[in-house]
Every structure is written in structure tokens, then in C-alpha cells.
Amino acid sequence: MKPLPLRSIKKGEFIRRKPDSLTVYIKGDYIRDENWATGKPYNQYSLIDSDDINREIFLKGSTIVYAGFEY
């Protein structure tokens, strides 16, 4: 398992936010849309929970995540 910035991981790969985390995410699309309340751009990546596809989080590309493990 390697720590990498989120922007360097390919779309569709499995990742974890911490090395000992039980939750596994799938990297989704890059969001360039603007926030309707503040007018500022999101500029974040979506991470979809692999166990619950209705759960989604958004992180910046500079966030360190862990990839390269057996799932």
C-alpha cells in the first residue's frame, strides 16, 4: 500500500483514506462545478463508498490517500 496524492490515482481505482481504514472508496469524477450557495468552484474529486453507492465524499487532489492493496 502506497501513500499517493489523490490526483495521481486513476479513475475507478480502489483507495483508502488511512492505511488501517476498513472503508474502501472508488475514485470517481473530477468536479468542476460551482457551489450554488457561495459561487466558488468545487475543484474536488468524488470518492464513492464501495459498500454503499449512495455514500459519496469529496476531497481535494492534494489529499494523501492509500492505493495498491488487495481488495
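Worth saying up front: this structure is predicted, and the values here are computed from it rather than measured.

Chemist: Got a minute to help me understand the nonpolar core in this structure?
Modeler: General note: in soluble globular proteins, nonpolar side chains tend to be found buried as a group. Membership of the largest hydrophobic core is limited to 10 residues, which are Leu 6, Ile 9, Ile 15, Tyr 25, Tyr 45, Leu 47, Ile 57, Leu 59, Val 65 and Ala 67. Going through the elements one at a time, β4 (44-49), β5 (56-59) and β6 (64-67) are the ones with two or more residues in this core. When near neighbours in sequence (up to four residues on either side) are disregarded, Leu 47 contacts Leu 6, Ile 15, Tyr 25, Ile 26, Lys 27, Arg 55, Glu 56, Ile 57 and Leu 59.

Chemist: What exactly am I supposed to notice about the environment of Ala 67 here?
Modeler: With respect to the helices and strands, the residue Ala 67 is situated in strand β6. In this structure Ala 67 comes out as buried when scored by relative accessible area, which is 4%. Sequence spacing of Ala 67 and Lys 2 is 65 residues, and the spatial spacing of their C-alpha atoms is 5.6 Å. Once residues lying within four places of it in the same chain are set aside, the contact partners of Ala 67 are Met 1, Lys 2, Ile 9, Glu 13, Phe 14 and Ile 15.

Chemist: Whenever I open this one, the packing of aromatic side chains confuses me. Can you help?
Modeler: Here a ring pair, both rings aromatic, is described through the centre-centre distance and the interplanar angle of the planes. One pass over the full model with this rule turns up 1 aromatic pair. Ring centres of Tyr 30 and Tyr 45 lie 4.8 Å apart, and the angle between their planes is 55°; this geometry places the pair in the tilted category. Linking Tyr 30 in strand β3 (residues 25-31) with Tyr 45 in strand β4, this pair joins segments that are 15 residues apart in sequence. Take Tyr 30: its relative accessible area is 35%, and that puts it in the partly exposed class. Taking relative accessible area as the criterion, Tyr 45 reaches 15% and is therefore assigned buried. Note that Lys 27 overlies the ring of Tyr 45, its terminal NZ or CZ placed 4.2 Å from the centroid.

Chemist: Would you mind going over the pairing of β4 with me for this structure?
Modeler: Within a regular strand, the side chains alternate between the two sheet faces. Of all 6 residues that make up β4, 5 are buried, and the element is covered over most of its length. Sheet analysis places β3 next to β4, joined by 5 bridges and oriented antiparallel. For Lys 27, the partnering residue across the bridge sits in β4 and is Leu 47. Here 4 bridges tie β4 to β5, and the two strands are oriented antiparallel to one another. Within β5, the position partnered with Leu 47 by the bridge is Ile 57. Counted along the chain from β4 to the antiparallel partner β5, the turn is 6 residues long.

Rules used in this analysis
- Residues numbered from 1 in each chain as written.
- Predicted model: local features only at pLDDT ≥ 70, side-chain atom pairs only at ≥ 80, totals over all residues.
- Heavy atoms only, no water.
- Core = buried A, V, L, I, M, F, W, Y, C linked by side-chain atoms within 4.5 Å.
- Buried < 20%, exposed > 50% of the residue type's maximum accessible area, 1.4 Å probe, protein only.
- Helix = DSSP H or I, 4+ residues; strand = E, 2+ residues; numbered from the N terminus.
- Contact = heavy atoms within 4.5 Å.
- Phe/Tyr/Trp six-rings, centres within 6.5 Å; stacked < 30°, edge-to-face > 60°.
- Lys NZ or Arg CZ within 6 Å of the ring centre and 35° of its normal.
- Pairing = 2+ DSSP bridges.

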